[in-house]
There are 2 protein chains.
Amino acid sequence: MAKIAVLGYGTVGSGVVEVLETNKDSITKRAGREIEVKSVLDLRDFPGDLIQEKIVHDVDVIINDPEIEVVVEVMGGVEPAFTFVKRALEAGKSVCTSNKALVAAHGPELLEMAKKRNLNFMFEASVGGGIPIIRPLNQSLTADEITKITGILNGTTNYILTKMDKEGSTYEETLKEAQELGYAERNPEADVEGFDACRKIAILTSLAYGSTVKFEEIRTEGITKITTKDFKYAEKLGYVVKLLATSCKENDKVYAITAPFMINSTHPLYNVNDVLNGIYIHGNVIGNVMFFGAGAGKLPTASAVVADVVDCVKHKGKNVMTVWSVEKLELGDADDEVRKFFVRVKGNVSDLSAVNAAFGNVQTVTVDGIDGEFGFITEPMSERAFAEAAKKIDMIHRIRIDETTI
Amino acid sequence: MAKIAVLGYGTVGSGVVEVLETNKDSITKRAGREIEVKSVLDLRDFPGDLIQEKIVHDVDVIINDPEIEVVVEVMGGVEPAFTFVKRALEAGKSVCTSNKALVAAHGPELLEMAKKRNLNFMFEASVGGGIPIIRPLNQSLTADEITKITGILNGTTNYILTKMDKEGSTYEETLKEAQELGYAERNPEADVEGFDACRKIAILTSLAYGSTVKFEEIRTEGITKITTKDFKYAEKLGYVVKLLATSCKENDKVYAITAPFMINSTHPLYNVNDVLNGIYIHGNVIGNVMFFGAGAGKLPTASAVVADVVDCVKHKGKNVMTVWSVEKLELGDADDEVRKFFVRVKGNVSDLSAVNAAFGNVQTVTVDGIDGEFGFITEPMSERAFAEAAKKIDMIHRIRIDETTI
């Protein structure tokens, strides 16, 4: 019997309890021992819930319980999660978490603490919900030099963008609907401003290169400025708009960005719609690989957390090595990155003089019913050169273009 | 320093040597030690090749070398690979293999041998080439009851079917072209008759349920009877034809089949073309996940083999538990499986009396230029009921339909 504790009885925490109960037999077989939730930390009580008798309000009860060998942290946020996780590791307990804020901020030091104590700190659910991506990066793609990671890593924004695309509704309407359906939080900033996806690409990039990408240093743009007009241009051009979190290695420098991109039907992530997540990885020997699935949701996320618990139970007393040092990975200057841009500019497409003067020859696009402006696509150019050229025109909006193909 | 030996210096074997050299630095970092190929077993000599000085013609040199801690078996075929792998394990060496014939025939007993000796027997490259799928099934999807696995697991046949679809060429022409390009072997039977894909779904299904699926017991049909006419009907219906290797669990019974299927654009594997492989998995809590990538090829396959070598080096003296017992998994009767069928029948679509008498109401389809016959799609029915009904009509050919959606 392996006894565990769950910190936080919210959506994911209750999912973990449910998954362990639902699949008890197969999980016992795979872990080699039965796994029992002994304690659940929450400020609230849950009268009538089967878990009520296991509820504790004081984390010390868990930390000081020598029977508990694995602690599941699913509270979210950096504090007090960070303090609790450190104390659990110090007390000789392995930790599994779904908390990307914690992992992006303190992953490598927690990994180091676990390693020193022959424990494990696992965080499969922190990126891509149920999709196995942390373990494949850490254990399966170890023969490769990763050259590119591009992901749709946030289900909320992907749901909003998919709805806007397919139904022509506005950002505000769609956000409201997503909030009513529980796909977006009342304070949706972390999702819609790209902060969530940014933390996730920071984690994946750190794992790919073995040192720490500071998420604060990743250029990050959200989807709040995307309008129905953008989607009309995109449709005319054969593109869709997706919030991509992406990093690549070029000339020994690693670049990363989180932003809305236009992608076409040859892009590996073109068909990743609604709340699905997708992650495309290119390695120098494996070539292209992709992973798709439910990027969020109670049970898929809990599935990933419980898989980590199984791994911790299987590896009791043995650290599963993860290469991610606290050493900082210095990102390349985002202004050096070269790509095409889609631009909307005030004026009439019959007069391209200003646009040509700033950008040279461009491919223009107009949409019936959108007047007083037109769109164009630049040749590949650096972010820096783009910013300079854009000053010379009466630009309304621009969206980057990602031309990855599979 | 970790010293290894490679058994067989063919495509994959030379790929393993190349990958270890190309990515030496990052592999050393991930393995924790430098990995060096000390010996390569081959009947041939390779004068001028850097590996020549490491060539040995007698496997005993490797078995009896106490410095060698991991043996890579990439010879293919059951014997002498099986004997060599057993001897390597008995001599205290972990083994990594890309050999699906060996794994499908003897996987669980080799796993057991490795476990007893605190060694590892790993076979990520045996299914899906470079795509991480064995390790995710074994270590990431451990919280789930797997309810369905559907894969395009053979690159050769997928290349042939994609070409026939897109270019309208015949099976014979396309096979010849695939052979000239090196995508198909001179004796293509293992691929085109579905035997290769069958072994792979046997391996995946065994891992999903923890006991042994005998590949010989999986109903297996190849692609040799698929004609350009079938593709014309498929196109008219919005389908493509793919060789699927699939298993599912229904009412506590596991069913498996390898055969050409028609699938439509909502199917998760619809866009898996050319030599790509794709694997769709449904778990009862994770929902749908998918994995795509290069299913074959020298470097992608070698990437997966080397990742296993890294894992073996990292886990020296520690067995990574794989749940796959020698106990036989009794498959459900394939005749009980229920699905729709596409059928081509002699006659004129204006006279449906025989078809209706045998199959009830059906959806018919005709293609301009294909005379003297027509097509129809049945309602869902068991294989047994289909076979009975088919006797009552003048059937030309039938293709199963898979209606999995994501």
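Everything quoted here is computed from the prediction, not taken from an experiment.

Draft legend 1. Inspection of the environment of B:Gly151 at higher detail. All names here are of chain B. Within the secondary structure layout, Gly151 lies in strand β7 (residues 146-152). Remark: the alpha-carbon pair of Gly151 and Val74, spanning 77 residues in sequence, is separated by 23 Å. Excluding anything up to four places from it in sequence, Gly151 contacts Leu243, Leu244, Ala245, Leu269, Gly278 and Ile279.

Draft legend 2. Spatial organisation of the packing of helix α2 (residues 24-31) of chain A against helix α12 (residues 298-314) of chain A. Residues and elements named next belong to chain A. It is at 9 Å that the axes of α2 and α12 come closest, and there the two elements cross at 35°. Counting all contacts with α2, which are made through Ile27, Arg30 and Ala31, the residues of α12 involved are Val306, Val310, Val313 and Lys314. When grouped by side-chain class, the residues that make up the contact of α2 with α12 number five nonpolar, no polar and two charged.

Draft legend 3. Summary view of the interface of chain B and chain A. Taken together, the contact between chain B and chain A spans 52 residues of the former and 52 residues of the latter. A combined buried area of about 4300 Å² lies between chain B and chain A, and 53% of that area is made up of carbon and sulfur atoms. Of all residues in chain B, the largest losses of buried area upon contact with chain A belong to B:Arg30, B:Thr142 and B:Val285, amounting jointly to 16% of the total for that side. Summed over the shared surface of chain B and chain A, the result is zero salt bridges. Our count for the contact surface shared by chain B and chain A stands at 18 residue pairs in polar contact (both at pLDDT 80 or more).

Draft legend 4. Here's a closer look at the nonpolar core. By size, the foremost hydrophobic cluster in this structure holds 168 residues, and its most contacted members are A:Ile281 and B:Ile281. Setting aside chain neighbours within four positions, we find A:Ile281 in contact with A:Ile133, A:Leu137, A:Leu141, A:Ile146, A:Lys148, A:Ile149, A:Gly287, A:Asn288, A:Val289 and A:Phe291.

Draft legend 5. Up close: the domain arrangement of chain A. The domain boundaries assigned to chain A delineate domain 1 (2-129 + 298-314), domain 2 (135-294) and domain 3 (337-401). Inter-centroid distance (C-alpha atoms) of domain 1 of chain A to domain 3 of chain A is 50 Å.

Draft legend 6. Region of the structure containing the relation of the copies chain B and chain A. When chain B is fitted onto chain A, the two copies agree to an RMSD of 0.0 Å after a turn of 180° and an axial shift of 0.0 Å. Seen this way, the second copy is the image of the first under a two-fold rotation axis. Within chain B, the C-alpha atom positioned nearest to the axis of rotation is that of B:Phe291, 2.4 Å from it. Interface overlap between copies is the fraction of interface residues in one copy that are interface residues in the other; for chain B against chain A it reaches 100%, indicating a shared surface.

The rules behind these values
- Residues numbered from 1 in each chain as written.
- Chains lettered and ligands numbered in written order.
- Predicted model: local features only at pLDDT ≥ 70, side-chain atom pairs only at ≥ 80, totals over all residues.
- Heavy atoms only, no water.
- Helix = DSSP H or I, 4+ residues; strand = E, 2+ residues; numbered from the N terminus.
- Contact = heavy atoms within 4.5 Å.
- Axes fitted to C-alpha atoms, helices over the stretch in contact; angles between N-to-C directions.
- Nonpolar A, V, L, I, M, F, W, Y, C, P; charged D, E, K, R; others polar.
- Buried area = accessible area lost by both parts, 1.4 Å probe.
- Salt bridge = Lys/Arg side-chain N within 4 Å of Asp/Glu carboxyl O.
- Polar contact = N/O pair within 3.5 Å; in protein donor to acceptor, adjacent residues only side chain to side chain.
- Core = buried A, V, L, I, M, F, W, Y, C linked by side-chain atoms within 4.5 Å.
- Buried < 20%, exposed > 50% of the residue type's maximum accessible area, 1.4 Å probe, protein only.
- Domains from an automatic or database assignment.
- Least-squares fit on C-alpha atoms with pLDDT ≥ 70 in both.

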